[in-house]
Amino acid sequence: VNTPAEQNLKELAAAYALGALDPAEAQAFERVMAGSPEVAREVAEYREVGALLALGPGTSAAPSADLRARVLARAAQSKVVPLAPRPRAGAWLAWAAVAASLVAAAGLAFQRQSLRQDLAARDSTIAALQSTLAVREAKLASREATLNAILEPGVSLTRLNSTGAPEPGLQLFWNRSTNVAIAHAFRLTPASARRVYQLWFIPKSGKPIPSVTFNSEPSGHALVEQIPVPAGVELVAAAITDEPEGGSEQPTTPIVLVGSFVPAKS
Amino acid sequence: MTADTAAAPLDQELVLRLAQGDERALGLLYDRYGAVLYAVAYRIVGQKADAEEVVMEAFAQAWREAPRFDAARGSVAAWLSMMSRSRALDQVRSHSRRARITEAAGRDAPESGPAMSAGSPLPNEPVEAAERRRAVQGALAELAPPQRVAIELAYFEGLSQSEVAERLKEPLGTIKTRMRLGMQKLRDALKPYYFEGAV
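A quick note: this is a predicted structure, and the numbers were derived from the prediction, not measured.

Q: Describe the overall build of chain B, listing the residues and the values that go with them.
A: Summing up its helical and strand segments, chain B has 8 helices and 0 strands in all. From first element to last, N terminus to C terminus, chain B shows the α and β order α-α-α-α-α-α-α-α. Residues counted as buried form 48% of the 199 residues belonging to chain B. At a minimum sequence separation of 6, the contacts of chain B that also span at least 24 residues come to 64%. Accessible surface, chain B: about 9500 Å² in total, of which carbon and sulfur atoms supply 51%.

Q: Can you explain the interface of chain A and chain B? Please cite residues and give values.
A: Contacts between the two partners involve 52 residues from chain A and, on the opposite side, 73 residues from chain B. Between chain A and chain B the total buried area reaches about 6000 Å² when both faces are included, carbon and sulfur atoms providing 62% of it. When the buried area of chain A at its contact with chain B is split by residue, Leu18, Glu48 and Leu55 of chain A rank highest and sum to 11% of it. The interface formed by chain A and chain B contains 6 salt bridges. With its nearest N and O atoms 3.2 Å apart, the salt bridge here joins Glu52 of chain B to Arg70 of chain A.

Q: Talk me through the packing of aromatic side chains; I want residue IDs and the actual numbers.
A: Scanning all chains against the criterion turns up 9 aromatic pairs over all chains. Seen from their ring centres, Phe201 of chain A and Phe261 of chain A are 6.4 Å apart, and the 20° between their planes marks the pair as stacked. Highlighted residues: Phe201 of chain A in strand S4 (residues 195-203) and Phe261 of chain A in the segment after strand S8 (255-260), separated in sequence by 60 residues. A residue is classified by how much of its surface remains accessible, and Phe261 of chain A, at 8% relative accessible area, is buried. Taking the centre distance of 5.2 Å and the plane angle of 90° together, the rings of Tyr155 of chain B and Phe156 of chain B count as edge-to-face. On the basis of relative accessibility, which here comes to 3%, the residue Tyr155 of chain B falls in the buried class. Cluster of aromatic residues (ring-pair linked, three or more members): Trp174, Phe201 and Phe261 of chain A. The residue whose ring lies beneath Arg176 of chain A is Trp174 of chain A, and the NZ or CZ to ring-centre distance is 4.0 Å.

Q: Hey, could you go over helix H4 (residues 67-77) of chain A for me, with residue numbers and the actual values?
A: Turning to H4 of chain A, its buried residues are Leu67, Val71 and Ala75 of chain A. Angular distribution of buried residues about the axis of H4 of chain A spans 75°; they occupy a single face of the element. Within H4 of chain A, the exposed residues directed more than 90 degrees away from the buried face are Ala69 and Gln77 of chain A. On the buried face of H4 of chain A, the contacting elements are helix H2 (23-45) and helix H3 (48-65) of chain B.

Q: Run through the environment of Ser81 of chain B, naming residues and quoting values.
A: Within the fold, Ser81 of chain B resides in helix H4 (residues 76-104). Among the residues examined, Ser81 of chain B registers a relative accessible area of 0% and is labelled buried. It is 7.2 Å that separates the C-alpha atoms of Ser81 of chain B and Val36 of chain B, two residues lying 45 residues apart in sequence. Here Ser81 of chain B is in contact with Ala51 of chain A together with Val36, Leu37, Val40 and Tyr155 of chain B, once residues within four sequence places are set aside.

Q: How would you explain the confidence of the model for chain B if you had to name every residue and give the values?
A: All names here are of chain B. Taken as a whole, chain B shows an average pLDDT of 84; of its residues, 81% reach a score of 70 or greater. A low-confidence stretch, residues 1-6 stays under pLDDT 50, and its non-local contacts, those more than four residues away or across chains, total 12 contacts. Counted against residues more than four places away or in other chains, residues 106-121, with its pLDDT under 50, gives 21 contacts. The complex prediction reports pTM at 0.56, with the ipTM value standing at 0.84.

Q: Give me the lowdown on the nonpolar core, citing residues and values where you can.
A: Leu18 and Phe29 of chain A together with Val55, Phe59, Trp79, Met179 and Leu186 of chain B are the most contacted members of the largest nonpolar core, which has 83 residues in total. Ranked by residue count, the leading element in this core is H2 of chain B, at 15 residues. Once residues within four sequence positions are removed from consideration, Trp79 of chain B is found in contact with Val15, Ala62, Glu65, Ala66 and Phe69 of chain B. Within the second largest apolar cluster, 22 residues are counted, among which are Ala181, Tyr197, Val224 and Ile240 of chain A.

Q: Run through unusual backbone geometry, naming residues and quoting values.
A: The phi angle at Gln226 of chain A is positive, at roughly 55°, despite the residue not being glycine. Mapped onto the fold, Gln226 of chain A is located in strand S6 (residues 222-228). Within the chain, Lys169 of chain B stands out as a residue other than glycine whose phi angle is a positive 55°. If you trace the backbone, Lys169 of chain B turns up in the loop between helix H7 (161-168) and helix H8 (172-190).

Q: An account of the environment of Gln12 of chain B is requested, with residue identities and associated values reported.
A: Counting through the fold element by element, Gln12 of chain B comes out in helix H1 (residues 11-19). Gln12 of chain B sits in the partly exposed class, given a relative accessible area of 38%.

Q: Any chance you could break down H2 of chain B for me, citing the residues and the numbers?
A: Residues and elements named next belong to chain B. Along its 23 residues, H2 runs just 27 Å from first to last C-alpha, ending more than 12% under the 33 Å computed at 1.5 Å per residue. In H2, a bend of some 60° at Tyr33 exceeds every other bend along the element. Of all the 23 residues making up H2, 20 are buried; the element is thus mostly covered by neighbouring parts of the structure. Phi for Gly46, located one or two positions after H2, is positive at around 75°.

Q: Please set out the pattern of salt bridges residue by residue, giving values where relevant.
A: Between side chains of opposite charge, a pair can form when the charged atoms approach closely. If you walk through the whole model with that rule in mind, you get 20 salt bridges over all chains. Residue Asp11 of chain B is joined to Arg32 of chain B by a salt bridge in which the shortest nitrogen-to-oxygen separation is 2.5 Å. Note that Asp11 of chain B is positioned in helix H1 and Arg32 of chain B in helix H2, a separation of 21 residues in sequence. With a relative accessible area of 1%, Asp11 of chain B lands in the buried category. A network of salt bridges, in which partner residues are shared, links Glu42 of chain A together with Arg187 and Asp188 of chain B.

Cut-offs and rules
Residues numbered from 1 in each chain as written. Chains lettered and ligands numbered in written order. Predicted model: local features only at pLDDT ≥ 70, side-chain atom pairs only at ≥ 80, totals over all residues. Heavy atoms only, no water. Helix = DSSP H or I, 4+ residues; strand = E, 2+ residues; numbered from the N terminus. Buried < 20%, exposed > 50% of the residue type's maximum accessible area, 1.4 Å probe, protein only. Contact = heavy atoms within 4.5 Å. Areas by Shrake-Rupley, 256 points an atom, 1.4 Å probe, with all protein chains shown as cover. Buried area = accessible area lost by both parts, 1.4 Å probe. Salt bridge = Lys/Arg side-chain N within 4 Å of Asp/Glu carboxyl O. Phe/Tyr/Trp six-rings, centres within 6.5 Å; stacked < 30°, edge-to-face > 60°. Lys NZ or Arg CZ within 6 Å of the ring centre and 35° of its normal. Arc of directions from axis to C-beta. pLDDT = per-residue confidence, 0-100. Core = buried A, V, L, I, M, F, W, Y, C linked by side-chain atoms within 4.5 Å. Expected span 1.5 Å × (residues − 1). Bend = angle between axes of the 7 residues up to and from the residue.

Now the structure itself:
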């Protein structure tokens, strides 16, 4: 008998197999799937369905006849060191011919041991390389997502300029169709202990609207994504102030950075 | 395209041999699934040359990642298809980003977008493959059109459920239900036609 939570997850299995869950949803689903063989089986089965979808109407004609040769050539170019050890045939055979003694047996055992160690070392090198690659791929995917978000149609860029030295700055990419923004700060000295930076949206009339809090890295950079922009209010500017940890309802210190929004094209 | 005779190695054995650097195994996998990977890629990128480039990348990726193949996650065919789909979607996204940059620079955007039109049937297709193709087309035709559209937008255009909802201007809950029910129906109808080694 499935609990309601398990039932709900099973319902997500088809969407997950289609790659149709939002990233946060997919991550949460993967965590649960790791502990539930039943859900994992469900996903595996929907993946089989996915693999068949391409055979539906709209399928193309056959690929070029030389594609097979090109596939093999491309793979050969990206060849990795095979996991199976390559025996040093010549030396081995010469050894075998004169090795009717215990000394030879001991030598072979030593060689086998050495090959095993060699193989284990290669395995661990490959595992380390794969893990580095996975980290880089994840980083690249995240940068790709940020770049895509910035390049969405309807995104406007506002620069928030410094009110003091030494010239920090902030770029605010506002996607007006989804009302979500990305902020990229630079040369922004990290806030002191128990302090953070806070973003404010300034409406045409009324008080500043509090938004996210963040801190910059020692390099002065900060990247904040998925910032909700208040809808239904005419915003004229955005600003950054230095606030206590947790943020404030209204600014409590002078503005560090400020920039005006260009009115949206109608 | 299949080599499912009694003496033919199983798909999983071929992946094992792939992991050991056996190029013949790669050739055999291409013979079995090259056409499927090409079909996935073509549905997404809509151009023959681009689809062939995707197939080459997908097999090169399989060649590199064979040691990590996990049969518990699905069949070899599903594993290869997923690679073809991901590489094809990457290609479309990268083209579309370039198009957006071009557009932003004030030039004419190139005509792009995945073609979804039907092509000619495969010549000399083996009986089993032709049967499978007919079954898939029949099962898709049986689906309510809104269910089929939701599934195809997710699989072939890489849209999330919320993006499908936005594209079709339908509530998210409706899209979730359509996708789930559609996939359940396909699963029930297509079980006998899964590729070798399916879970």
